[in-house]
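Listed here are the chains, written in short residue letters.
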Amino acid sequence: MATSTPIVSASSSVLAPASHSYLQSFRTRIDQERWQLRQHFYQDWAEQTTDAQQAKAVTLSLLTGDRSLINRDTKDLYQLAGISHLLAISGTHILFLAIMLAGGVVLIFNRLCPLVYRYVPRWQVRWWVMIGAAFIYALFTGFDVPAARTAWMLLAIGVVRLTLLPISTMRVLLALAVLMAWQDPYVLWQAGYWLSFIAVALLLKYDDTSYKYAQSTVASHRTKAGNALVKRVWALSKRMFTLQFWLFITLLPITLLLFGKASLWGLVINLFAIGLFGWVIVPLNLLAGLCYLLSPVIANSIWALVIAIVAGLHEWITGLTSMPVLAKAWLYTPINMAILLMVLLSILPWLLPRGLVSRWLALPPLTLLIMTVYANQQSLMTIPTLYILPTGDRYVSAVLLQYPIVNDENASKNNNSQSLATGQTKKNVSWLFLADHRPTTTRTVPSHLTADKLSMSLEQQLGSLSVNKLEGIVVQSARVGLTATLTTDHKRTVSNAAPSELLPMTVAQLNQRLPVSQYWQAGRSDRWPKMQQAYQTGNHSKSLSTSAISAQRCEQGKLWQLATGGLSIEAMTGWSKIGDANVWDCTVAIDTHLPMRVLIYKAADPMRSLSATAQTLTPSVQSSPHHTQASSSRVVLNADTHQRVWQMWSLLCVAEKTDKETRFDDVIWLGHSASDITADVLRQQRINKIMTYDEKALEVALALNTTVSSK
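Notes on the overall build of the chain
Then comes step 1: Along its length, the chain carries 21 helices and 18 strands.
Then comes step 2: Evaluated residue by residue, the chain yields a buried proportion of 47% over its 711 residues.
Then comes step 3: When contacts within the chain are restricted to residue pairs at least 6 apart in sequence, long-range pairs at least 24 apart make up 73% of them.
Then comes step 4: On the chain, roughly 35,700 Å² of surface is accessible, and the fraction owed to carbon and sulfur atoms is 62%.

What follows is the structure, encoded as structure tokens:
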């Protein structure tokens, strides 16, 4: 007994690691095959044009799910066309591969060993082959949600048929969704999970309600002579358009809820792209992948054809989406219960059995939905507003100014808000202010924010606020990377500074997506033209706004004013002629004839964005201003990263006291809680409200008599 126990435990301890080692080695082998295939596509990469590279990258993505070689412009192109879902490994890819392999195995058994069917039915042979191919290919592509859903669905449906259980496919899909969420709750935060299962459920529902009708239509066409083929093609095309329209409308709410935007191009381009990908590109790509295991030469020939088709598709989509009349294809709107109710009423006639209610009843709620979306977009342009936009970095700030222009200038000066609400607004002026508030004298956590992420996030936020062009972009923080020659003191902590090209490169990318009239850059910008040219050359951008933009220095005294006089933007600090980068940061003052609200952008519903928390200074610490305009206000956007900025201002600018500094009913200071501004400067500027980007109290203001309130 004393010797048998360790022998059993030792044998069991050997078997478990052996089994685990076998699975691990199998997964490692799959990863090695993926890497070798990627290296095969990466051959002679630098010698090819950008268009050829991206066609290859998309082909590789369709085969293995590896998107690392796809650049930002190609992703934006697929997003604009509404076909980003085609870049992912979906159930179509796995089903095509499984059907191809199952058909090949059955063909071999039919020719060489038909006796197998005495013991195993033919459908079970296909089923087992399809299951094996589906799971292996799903592992090969990373076992994402769509691939995993397809593999498990094949297994579950086969089990239901094998056991003859009276369970519908819809119930199998629902049970699988619950089991996947139970096994990994974090999958609920993945957009692919919801889109995958909802899309399949909608397809099943559509097929159940329209299959009999389509079959009867096709049968009636067969009985007729003459143009029977034309009628069959017309019926099939009509059914495809109806299906695409069905999917677009039903998936629109969940798409807007998950991504905040939807491409209207998807309704048109998907009609052609889905068939091209599903019946040409994907089958040829999978066939080339199978041939690669036997003959790489044949595989390369097939891949050359696929790459040529993908490159032609890219060129066609680029030309189509760059048409001036049809360039703006994004739909931005907040999702609330009212919109969801209107969408539900619109699709209800299609959810009910055919013939129960007339489907023309969907037109009233659909019309109301369009009017609501349009009203939501227009309602964002009626009140002067500063939106504090999220950036993903507590030290990097983005502020959007929206100022409406009304027909009657006197109405704007008299604060006639009713005129704004009644539709006198012609357009609005929008300015974007970017700043990096990392102090240069203390150590902070390095930023992981990139220009790609920041520009993409800002573009989506601007679109949701109905901003399709910018009057100007102001980068309030000086960038050492833009300076050809720089002489600074050794006390500046360069290692703690954010990447010097983050905000300028964000401007360059936004300029390719939105029309921008002016660009103000704090400090010196000697290298900006070369940096912008290098960016445009490296990205080969094909967007509409491909014109270069020059950088103007944002320095003390620089002024921009609206023609009506209702809005002015002036630089309060910034002395780029001094050879000390610590005094280059550009604080901006925004003066308006209308009271301005400061809101924290809310992605789910921009119209219900919350007011920023304010520290209100009591009258005991302020001088009584002499108002010349009852409704005028000023907002100071602070961007200092060193105490020398306000020391320089106190030395040079405090004596310049004119009416413009004492005429404001409201003076709001908006900056970072890590600012080096002093209490004396706050008094001299007659600040009565203090707000911070990180929602923390400004320490220097705590010494004053302040109360916390909400603007």
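As for the pattern of salt bridges
Then comes step 1: All told, the structure shown has 10 salt bridges when counted by the stated rule.
Then comes step 2: Here Arg-394 makes a salt bridge to Asp-694, at a shortest N to O gap of 3.5 Å. Residue Arg-394 is found in the loop between β3 (385-389) and β4 (396-406), and its partner Asp-694 is found in the loop between β17 (689-692) and α21 (699-702); the two are separated by 300 residues along the sequence.
Then comes step 3: On the accessibility criterion, Asp-694 (16% relative accessible area) is buried.
Then comes step 4: Glu-459 serves as the salt-bridge partner of Arg-513, at 3.1 Å between the closest nitrogen and oxygen. Here Arg-513 is found in helix α17 (residues 502-513), whereas its partner Glu-459 is found in helix α16 (residues 451-464), with 54 residues between them in sequence.

Quick notes on the state of the cysteines
One covalent bond between the sulfur atoms of two cysteine residues makes up a disulfide.
Then comes step 1: Per the counting criterion, the structure on display carries 1 disulfide.
Then comes step 2: Between the sulfur of Cys-554 and that of Cys-586 lies a disulfide, 2.0 Å long from S to S. Across the disulfide from Cys-554 to Cys-586, rotation about the S-S bond amounts to roughly -50°, and the bridge is consequently left-handed. Taken together, the residues Cys-554 in strand β8 (residues 552-554) and Cys-586 in the loop between β10 (567-571) and β11 (588-592) connect sequence positions 32 residues apart.
Then comes step 3: Judged by its relative accessible area of 1%, Cys-554 is buried.
Then comes step 4: Residue classification places Cys-586 among the buried positions, given a relative accessible area of 0%.

Here we look at the nonpolar core
Then comes step 1: In terms of nonpolar packing, the biggest core is built from 55 residues, with Ile-83, Ile-269 and Phe-277 touching the most fellow members.
Then comes step 2: Mapped onto this core, the elements with two or more residues apiece are α1 (4-41), α2 (50-64), α3 (72-81), α4 (91-112), α5 (122-140), α6 (145-163), α10 (266-294) and α11 (296-321).
Then comes step 3: Among the elements that take part in this core, α5 stands out by supplying 10 residues, more than any other.
Then comes step 4: Ile-473, Val-507, Tyr-519 and Tyr-535 belong to the second-largest nonpolar core, a separate cluster that totals 33 residues.

Things to note about α2
Along an α-helix, residues three or four apart share an orientation, since each turn contains 3.6 residues.
Then comes step 1: In a regular helix each residue adds 1.5 Å, so 15 residues correspond to 21 Å; α2 covers 21 Å between its end C-alpha atoms and thus fits that length.
Then comes step 2: α2 sits mainly inside the fold: 12 of its 15 residues count as buried.
Then comes step 3: For α2, the full list of buried residues reads Gln-53, Gln-54, Ala-55, Lys-56, Ala-57, Val-58, Thr-59, Leu-60, Ser-61, Leu-62, Leu-63 and Thr-64.
Then comes step 4: Just beyond α2, the residue with positive phi is Gly-65, at close to 80°.

Section: the confidence of the model for the chain
Then comes step 1: For the chain, the average pLDDT comes to 75, and 76% of its residues sit at 70 or higher.
Then comes step 2: Ranking the elements of the chain by mean pLDDT puts helix α15 (residues 417-421) last with 38 and strand β6 (residues 470-475) first with 93.
Then comes step 3: pLDDT under 50 marks residues 486-499. Its contacts with residues more than four places away, or in other chains, come to 25 contacts.
Then comes step 4: Note on residues 657-662: pLDDT is under 50 here. Beyond four places in sequence and across chains, it has 8 contacts.

Digging into the packing of α2 against α10
Then comes step 1: Interhelical geometry of α2 versus α10 gives an angle of 80° and a closest axis separation of 10 Å. Regarding the angle of α2 to α10, the classification is roughly perpendicular. Contacts between α2 and α10 pair Thr-59, Leu-62 and Leu-63 from the former with Phe-277, Ile-281, Asn-285, Leu-286 and Gly-289 from the latter.
Then comes step 2: Split by residue class, the contact of α2 with α10 holds 5 nonpolar, 3 polar and no charged.

Brief notes about a nonpolar patch on the surface
Then comes step 1: A cluster of nonpolar side chains, namely Tyr-186, Leu-188, Trp-189 and Trp-194, defines an oily patch on the protein surface of about 540 Å² accessible area.
Then comes step 2: If you trace the backbone, Tyr-186 turns up in the loop between α7 (169-183) and α8 (191-222).
Then comes step 3: Its relative accessible area of 67% is what places Tyr-186 among the exposed residues.

Some remarks on the packing of aromatic side chains
Then comes step 1: Under the definition given, this model contains 11 aromatic pairs.
Then comes step 2: Judged by centre distance (5.3 Å) and plane angle (20°), the rings of Tyr-42 and Trp-45 are stacked.
Then comes step 3: Judged by its relative accessible area of 38%, Tyr-42 falls in the partly exposed class.
Then comes step 4: Pairing Phe-135 with Trp-152 gives two aromatic rings, centres 5.0 Å apart and planes at 85°, and the pair type is edge-to-face. Note that Phe-135 is positioned in helix α5 and Trp-152 in helix α6, a separation of 17 residues in sequence.
Then comes step 5: Classification of Trp-152 by relative accessible area gives partly exposed; the value is 36%.
Then comes step 6: Ring-pair connections join several aromatic residues into one group, and the members of that group are Trp-431, Phe-433, Trp-520 and Trp-560.
Then comes step 7: When the ring centre of Tyr-42 is taken as reference, the NZ or CZ atom of Arg-38 above it lies at 5.8 Å.

Some points on the side chain of Gln-518
Then comes step 1: Summarising the element assignment, Gln-518 is placed in strand β7 (residues 516-522).
Then comes step 2: Residue classification places Gln-518 among the buried positions, given a relative accessible area of 14%.
Then comes step 3: Of note is the side chain of Gln-518, whose polar atom sits 3.2 Å from the side chain of Trp-520.
Then comes step 4: With near-sequence residues (within four places) excluded, Gln-518 lies in contact with Trp-431, Glu-471, Gly-472, Ile-473, Ile-549, Gln-552 and Trp-560.

A word on the pairing of β7
Then comes step 1: Of all 7 residues in β7, 6 are buried; the element is thus mostly enclosed.
Then comes step 2: By the bridge criterion, 5 bridges tie β6 to β7 in an arrangement that is parallel. When the bridges of β7 are listed, Val-474 appears paired with Trp-520.
Then comes step 3: Relative to β8, β7 runs parallel, the two being bridged by 3 bridges. By the bridge assignment, Ala-522 is partnered in β8 with Cys-554.

What to know about α16
Then comes step 1: Along its 14 residues, α16 runs 20 Å from first to last C-alpha, staying within 8% of the 20 Å computed at 1.5 Å per residue.
Then comes step 2: Turning to α16, its buried residues are Ala-451, Leu-454, Ser-455, Leu-458, Glu-459, Gln-461, Leu-462, Gly-463 and Ser-464.
Then comes step 3: Once α16 ends, the next one or two residues include Ser-466, with phi positive near 65°.

A closer look at unusual backbone geometry
Then comes step 1: The phi torsion at Asp-44 lies on the positive side, around 55°, for a residue other than glycine.
Then comes step 2: When you line up the elements, Asp-44 lands in the loop between α1 and α2.
Then comes step 3: Of note in the backbone geometry, Arg-686 takes a positive phi value of approximately 60° without being a glycine.
Then comes step 4: Here Arg-686 is to be found in the loop between α20 (679-684) and β17.

Procedures and definitions
Residues numbered from 1 in each chain as written. Predicted model: local features only at pLDDT ≥ 70, side-chain atom pairs only at ≥ 80, totals over all residues. Heavy atoms only, no water. Helix = DSSP H or I, 4+ residues; strand = E, 2+ residues; numbered from the N terminus. Buried < 20%, exposed > 50% of the residue type's maximum accessible area, 1.4 Å probe, protein only. Contact = heavy atoms within 4.5 Å. Areas by Shrake-Rupley, 256 points an atom, 1.4 Å probe, with all protein chains shown as cover. Salt bridge = Lys/Arg side-chain N within 4 Å of Asp/Glu carboxyl O. Disulfide = S-S within 2.5 Å. Core = buried A, V, L, I, M, F, W, Y, C linked by side-chain atoms within 4.5 Å. Expected span 1.5 Å × (residues − 1). pLDDT = per-residue confidence, 0-100. Axes fitted to C-alpha atoms, helices over the stretch in contact; angles between N-to-C directions. Parallel < 35°, antiparallel > 145°, perpendicular 65-115°, else oblique. Nonpolar A, V, L, I, M, F, W, Y, C, P; charged D, E, K, R; others polar. Patch = residues over 30% accessible without salt bridge, like charges linked within 9 Å, V, L, I, M, F, W, Y side chains within 5 Å. Phe/Tyr/Trp six-rings, centres within 6.5 Å; stacked < 30°, edge-to-face > 60°. Lys NZ or Arg CZ within 6 Å of the ring centre and 35° of its normal. Polar contact = N/O pair within 3.5 Å; in protein donor to acceptor, adjacent residues only side chain to side chain. Pairing = 2+ DSSP bridges.

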